[in-house]
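Residue strings, one per chain:
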Amino acid sequence: MNDKKDKPAKKITSRQVVALAGVILLAALYLVTLVVAIVDQDNSGRLFLACLVGTVSIPLLIWIYIWMYGKLQGKHTIADLDLGKDPRQEEQTAETDDTQ
């Protein structure tokens, strides 16, 4: 007999959807760059430049989206600019300040 409980379906967040779309777009850009390099058409320089701009701008736009999502939801995200700070440590110091 198998008594495994049914687990609820994992909820997919909008951040995960945006990240997956970014990965797919970047993979497509790299594929297009490879094909353009192999085919060597007249406009290959412009297509390469477009792929290069996309390689920089797509991750930047995803970062901005995740950062804005965190700000609007009041949550700490990986896109926050407090690189040297530990959010758990800040919560502990805030709690001790409130009790004093």
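Shown above is the structure to which this text applies.
A few points on the structure. (Residues numbered from 1 in each chain as written. Predicted model: local features only at pLDDT ≥ 70, side-chain atom pairs only at ≥ 80, totals over all residues. Heavy atoms only, no water.)

The secondary structure content of the protein amounts to three helices and zero strands. Of the regular secondary structure in the protein, the N- to C-terminal order runs α-α-α. Here the protein holds 100 residues, and 14% of them are scored as buried. For the protein, long-range pairs separated by at least 24 residues make up 49% of all intrachain contacts whose partners lie at least 6 apart in sequence. (Helix = DSSP H or I, 4+ residues; strand = E, 2+ residues; numbered from the N terminus. Buried < 20%, exposed > 50% of the residue type's maximum accessible area, 1.4 Å probe, protein only. Contact = heavy atoms within 4.5 Å.)

This part takes up the packing of helix α1 (residues 14–39) against helix α2 (residues 44–73). The geometry of α1 relative to α2 is characterised by a closest axis approach of 9 Å and an angle of 170° between their N-to-C directions. Viewed along their axes, α1 and α2 adopt a mutual orientation that is roughly antiparallel. On α2, the residues that touch Ser14, Arg15, Val18, Gly22, Leu25, Leu26, Leu29, Tyr30, Val32, Thr33 and Val36 of α1 are Ser44, Leu47, Phe48, Cys51, Gly54, Thr55, Ile58, Pro59, Ile62, Tyr65, Ile66 and Tyr69. In the contact of α1 with α2, the residues fall into 16 nonpolar, six polar and one charged. (Axes fitted to C-alpha atoms, helices over the stretch in contact; angles between N-to-C directions. Parallel < 35°, antiparallel > 145°, perpendicular 65-115°, else oblique. Nonpolar A, V, L, I, M, F, W, Y, C, P; charged D, E, K, R; others polar.)

The next thing to look at is a nonpolar patch on the surface. A cluster of nonpolar side chains, Leu60, Leu61, Trp63, Ile64, Met68, Leu72 and Leu81, forms an exposed patch at the surface whose accessible area comes to about 720 Å². By the secondary structure assignment, Trp63 is in helix α2. On the basis of relative accessibility, which here comes to 34%, the residue Trp63 falls in the partly exposed class. (Patch = residues over 30% accessible without salt bridge, like charges linked within 9 Å, V, L, I, M, F, W, Y side chains within 5 Å. Areas by Shrake-Rupley, 256 points an atom, 1.4 Å probe, with all protein chains shown as cover. Salt bridge = Lys/Arg side-chain N within 4 Å of Asp/Glu carboxyl O.)

Right, let's get into the packing of aromatic side chains. One pass over the structure, following the stated rule, counts one aromatic pair. Consider the rings of Trp63 and Trp67, whose centres lie 6.1 Å apart with planes at 10°: the pair is stacked. With Trp63 and Trp67 both in helix α2 and four residues apart, the pair spans about one turn of that helix. We classify Trp67 as partly exposed; its relative accessible area is 26%. (Phe/Tyr/Trp six-rings, centres within 6.5 Å; stacked < 30°, edge-to-face > 60°.)

What follows concerns the environment of Leu61. Inspection of the secondary structure assignment puts Leu61 in helix α2. Exposure remark for Leu61: the relative accessible area of 56% places this residue in the exposed category.

The next thing to look at is α2. Spacing of three or four residues puts side chains on the same side of an α-helix, whose turn is 3.6 residues. The end-to-end C-alpha distance of α2 is 43 Å, a good match for the 44 Å that 30 residues give at a rise of 1.5 Å each. Of all the positions in α2, only Ser44, Cys51, Gly54, Ile58, Ile62, Ile66 and Gly70 are classed as buried. Next to the buried residues of α2 lie α1. Gly74 sits one or two residues past α2 and shows a positive phi near 70°. (Expected span 1.5 Å × (residues − 1).)

In a regular helix each residue adds 1.5 Å, so 26 residues correspond to 38 Å; α1 covers 37 Å between its end C-alpha atoms and thus fits that length. Among all positions in α1, only Gly22, Leu26, Leu29 and Val36 are buried. Among the structural elements, α2 are those in contact with the buried residues of α1. Among the residues trailing α1, Asp40 stands out with phi positive, at a value near 55°.

Don't take any of this as a statement about function, it's just geometry.
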